[in-house]
Amino acid sequence: MNWVRDNRLLLLFAAVVLTTLGTVGLGIVGVVATVGALLGGGAVVQTFAGFLLGTLLLVGVDIVFSVALVRALARRASVPKSQRVAGGLDRLESVVPPLASLGLSDVFAPPEPTTEERHEALTRRYVEGELSEAEYERELQALLGEDEAPETELQDDADIETELSRTTTTDTEYEPARE
C-alpha cells in the first residue's frame, strides 16, 4: 500500500494516458466498424451505439483520472498563501457547492500566526513606538491570557466546586450542638 501512495502521481498519469489512448483507439475502431457496416449492409445503428457507449464510458473514466491527477498536483504544488485569494475562493465555494469538496480556499489560506509570532509583532510595534507601555502590557496580557484561558477556567470551576463542598462539610460537622 505504501508503494501505491508513494507512486500516486505516476499511477494517475499512466491511467490518464492509457484511458486517453483507449478512448481514441475505440473511437477509431468504432468509426471503421460503422463505415464497414454501412458499406457491407450490416446493422449500422447497433454497431455505432455499441462503440459510442464504450467511448463515452472511457471518456468518463478519463475525466475522473484527469481531475484526480490535477487535484494531486495542486495539493503538492507550492502555492503562495493569500488571505485575499482564500476569501475569494471561499465566496466562490459558497456559490458553487461542488467546488467546496476541493478545499481550494484552505489551500490558499495563510496559516494562523503562532503565539510567538504574535508576541514578536507586538514587541516590534512597541519598539517602533506604535504602542505605549500600558497598551503593550494590556495586549501582552490578552495574548498570554488566550493561551492559558481554557485551562485556567477549568481550574477555577473545579476550585470553586471544591471550596463549596469543603465549606458545606466543615460547617455541618463543626457546628456546636444546640441545647
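For clarity, every value in this text was computed on a predicted model and none was experimentally measured.

Colleague: Explain the packing of aromatic side chains to me, please; I cannot follow it from the model alone.
Modeller: Each aromatic ring pair is described using two quantities: the centre-to-centre distance and the angle formed by the ring planes. Tallying each qualifying case throughout the model produces one aromatic pair. Here the aromatic rings of Tyr 126 and Tyr 136 are separated by 4.6 Å at their centres, their planes lie at 25°, and the arrangement is stacked. With Tyr 126 in helix α7 (residues 115–127) and Tyr 136 in helix α8 (residues 133–173), this residue pair connects regions lying 10 residues apart in the sequence.

Colleague: It is not clear to me how the packing of helix α2 (residues 8–40) against helix α3 (residues 44–76) should be interpreted in this structure. Could you clarify?
Modeller: A packed helix pair is summarised by two numbers, namely the angle formed by the two axes and the spacing between the axes. Where α2 contacts α3, the axes come no closer than 8 Å and their chain directions differ by 165°. As summarised for this structure, α2 and α3 are arranged roughly antiparallel, according to the angle between their axes. Considering only the axes of α2 and α3, their crossing is left-handed.

Colleague: Would you explain the environment of Ala 100 in this entry?
Modeller: One can find Ala 100 in helix α5 (residues 97–100). Taking the relative accessible area as the measure of exposure, Ala 100 reaches 42% and is therefore partly exposed. For Ala 100 and Asp 90, which are 10 residues apart along the polypeptide, the C-alpha to C-alpha distance reads 8.0 Å.

Colleague: Got a minute to help me understand a nonpolar patch on the surface in this structure?
Modeller: Side chains of Val 31, Val 35, Leu 38 and Leu 39 sit close together on the surface and give an oily, nonpolar patch of about 430 Å² of accessible area. Positionally, Leu 39 belongs in helix α2. Classification of Leu 39 as exposed rests on a relative accessible area of 73%.

Cut-offs used in this document
- Residues numbered from 1 in each chain as written.
- Predicted model: local features only at pLDDT ≥ 70, side-chain atom pairs only at ≥ 80, totals over all residues.
- Heavy atoms only, no water.
- Phe/Tyr/Trp six-rings, centres within 6.5 Å; stacked < 30°, edge-to-face > 60°.
- Helix = DSSP H or I, 4+ residues; strand = E, 2+ residues; numbered from the N terminus.
- Axes fitted to C-alpha atoms, helices over the stretch in contact; angles between N-to-C directions.
- Parallel < 35°, antiparallel > 145°, perpendicular 65-115°, else oblique.
- Left-handed = near helix turned anticlockwise from the far one by under 90°.
- Buried < 20%, exposed > 50% of the residue type's maximum accessible area, 1.4 Å probe, protein only.
- Patch = residues over 30% accessible without salt bridge, like charges linked within 9 Å, V, L, I, M, F, W, Y side chains within 5 Å.
- Areas by Shrake-Rupley, 256 points an atom, 1.4 Å probe, with all protein chains shown as cover.
- Salt bridge = Lys/Arg side-chain N within 4 Å of Asp/Glu carboxyl O.

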